[in-house]
Amino acid sequence: MKAALLGRSRGGLTSKIHLAADRRCRPMALLLTAGQAADSPQFIPVLSKVRVRLPVGRPRTRPAAVAGDKAYSSRANRAHLRKRRIKAVIPEKKDQAANRRKKGSRGGRPVTHNADLYRDRNTVERAINRLKDWRGIATRYDKTSESYLAGLHLRAATIWISSLLKAN
């Protein structure tokens, strides 16, 4: 039996949606965890679910750049992006920068990120807000994680369909 992916908090039982979205706020990959789960460990599993179909050949799995907030600023995430030759647009946390400076020349180079691309990081929050336009997703009435995730996928499909219809 699978876990219900429900976490405990002061407010009661919670779930957390981890999401990758394109620049037009369309969901590309969804992952559901218990509410108390941290964001950073879910970065690589969500990124590995991204698939962009092309007219011919295999789907594209490597975006040109990934924008995220400071919660995703970890060595493991940056190393994964560097290994896959994906540009990281993630600012460095203050404590990480202080530790790097404290080490002096052994601390490595400062992290740089493109400020123009970083402005687009809110597309994920806007995509989550579009998902939560459906009341059942916003309040998580579903008892099982499977039915909740199915509702998320259904809502993501309607977002994609409406954006494709607007393009025509």
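Rules used in this analysis
Residues numbered from 1 in each chain as written. Predicted model: local features only at pLDDT ≥ 70, side-chain atom pairs only at ≥ 80, totals over all residues. Heavy atoms only, no water. Helix = DSSP H or I, 4+ residues; strand = E, 2+ residues; numbered from the N terminus. Buried < 20%, exposed > 50% of the residue type's maximum accessible area, 1.4 Å probe, protein only. Contact = heavy atoms within 4.5 Å. Areas by Shrake-Rupley, 256 points an atom, 1.4 Å probe, with all protein chains shown as cover. Lys, Arg positive; Asp, Glu negative; His and termini not counted. Charge placed at Lys NZ, Arg CZ, Asp CG, Glu CD. pLDDT = per-residue confidence, 0-100. Salt bridge = Lys/Arg side-chain N within 4 Å of Asp/Glu carboxyl O. Core = buried A, V, L, I, M, F, W, Y, C linked by side-chain atoms within 4.5 Å.

Broken down by element type, the chain carries seven helices and five strands. For the chain, the sequential pattern of α-helices and β-strands runs β-β-β-α-β-α-β-α-α-α-α-α. The principal-axis extent of the C-alpha atoms belonging to the chain is close to 50 × 45 × 30 Å. A burial count over the chain gives 32% of its 168 residues as buried. When contacts within the chain are restricted to residue pairs at least 6 apart in sequence, long-range pairs at least 24 apart make up 47% of them. Of the roughly 11,300 Å² that the chain leaves accessible, carbon and sulfur atoms contribute 54%. Here the chain holds 39 positive side-chain charges and 11 negative ones, and the gap between their average locations is 6 Å.

All right, on to the confidence of the model for the chain then. With 91% of its residues at a pLDDT of 70 or more, the chain has an overall mean of 84. Here strand E1 (residues 7-9) stands out as the least confident element of the chain, with mean pLDDT 65; helix H1 (residues 43-48) is the most confident, with 93.

Moving on, we get to unusual backbone geometry. Of note, Cys25 is a non-glycine position whose phi angle comes to about 65°, a positive value. By the element assignment, Cys25 lies in the loop between strand E2 (12-21) and strand E3 (27-34). One non-glycine residue, Arg85, adopts positive backbone phi at about 60°. Tracing the chain through its elements places Arg85 in the loop between helix H2 (75-83) and strand E5 (87-89).

In this structure the tally under the stated criterion is three salt bridges. The salt bridge partner of Asp22 is Arg26, with a shortest N-O separation of 2.7 Å. For the pair formed by Asp22 and Arg26, the shared burial category is buried. In this structure, the salt-bridge partner of Asp133 is Arg155, at a minimum N-O distance of 3.6 Å.

As a rule of thumb, soluble globular proteins bury nonpolar side chains together. Formed by 13 residues in total, the largest nonpolar core has its most connected members in Ile17, Leu19, Leu30, Leu131, Tyr148 and Leu152. Elements represented by at least two residues in this core include exactly E2, E3, helix H5 (123-131) and helix H7 (145-167). Here this core takes four residues from H7, the largest share from any one element. Listed in part, the eight residues of the second largest apolar core include Phe43, Tyr72, Ile86 and Ala88.

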